Structure formats: C-alpha cells, structure tokens
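Descriptive analysis of the structure
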Amino acid sequence: MMHGFVIEELPCPNCRNLRTVRFGTTSFCFNCRTQRDESALSYPFSDAQLARLRVYRAAVRNHFYSDQLTG
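In this text, all values refer to a predicted model and were calculated from it rather than measured experimentally.

As a further point, take the packing of aromatic side chains. Per the stated rule, a full pass over the model turns up 1 aromatic pair. Between Phe-28 and Phe-30, the ring centres sit 5.0 Å apart and the planes meet at 85 degrees, which makes this aromatic pair edge-to-face. Owing to a relative accessible area of 19%, Phe-28 belongs among the buried residues under this scheme. Phe-30 sits in the partly exposed class, given a relative accessible area of 49%.

Put into structure tokens, the structure is as follows:
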C-alpha cells in the first residue's frame, strides 16, 4: 500500500484496463479516469453471517477471544 491506495487486479468496467486502484471505497482507473464507489456494491454475506461477524469482532475487541497461542 502506497500513498493510501491499493493496486487491484480488477479490470476497469469502462475501458477494461487490467488494473485499477482503490482509495477507501472508491476504485479509480488511471487509463480512462473512471471512478466508481464500491460501497454501493452488496456484500456476499447474508444478514445472519454479518450479525455473527459483528459478535465475533466485539468478542475480540473485548478480549474474550484471541487467536494468540498461550503457553
């Protein structure tokens, strides 16, 4: 990651350039200058899966769960 953007191997939907960059939730093509907001795309997860993920994240944040080895 450089300068806050990530180079992606996702083709531009406009010019089909093989690489775009992501800055936050926005993808940008340096070839044709197309910008698209990726936050409008739907998650591949169901509502139940997202709820489970929120509970898991809260458990990690509150130190109820850790994947660190103890010995």
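Look at helix H1 (residues 47-61): 21 Å from first C-alpha to last across 15 residues, which is about the 21 Å you get at 1.5 Å a residue. Among the residues trailing H1, His-63 stands out with phi positive, at a value near 65 degrees.

A separate point is the pattern of salt bridges. One pass over the full model with this rule turns up 2 salt bridges. Measuring nitrogen to oxygen at the nearest pair gives 2.9 Å for the salt bridge that ties Glu-9 to Arg-19. Placement of the pair is Glu-9 in the loop between strand S1 (6-8) and strand S2 (20-23) and Arg-19 in the loop between S1 and S2, with a sequence separation of 10 residues. Relative accessible area serves as the criterion here: at 57%, Glu-9 is assigned to the exposed category.

Basis of the calculations
- Residues numbered from 1 in each chain as written.
- Predicted model: local features only at pLDDT ≥ 70, side-chain atom pairs only at ≥ 80, totals over all residues.
- Heavy atoms only, no water.
- Phe/Tyr/Trp six-rings, centres within 6.5 Å; stacked < 30°, edge-to-face > 60°.
- Buried < 20%, exposed > 50% of the residue type's maximum accessible area, 1.4 Å probe, protein only.
- Helix = DSSP H or I, 4+ residues; strand = E, 2+ residues; numbered from the N terminus.
- Expected span 1.5 Å × (residues − 1).
- Salt bridge = Lys/Arg side-chain N within 4 Å of Asp/Glu carboxyl O.

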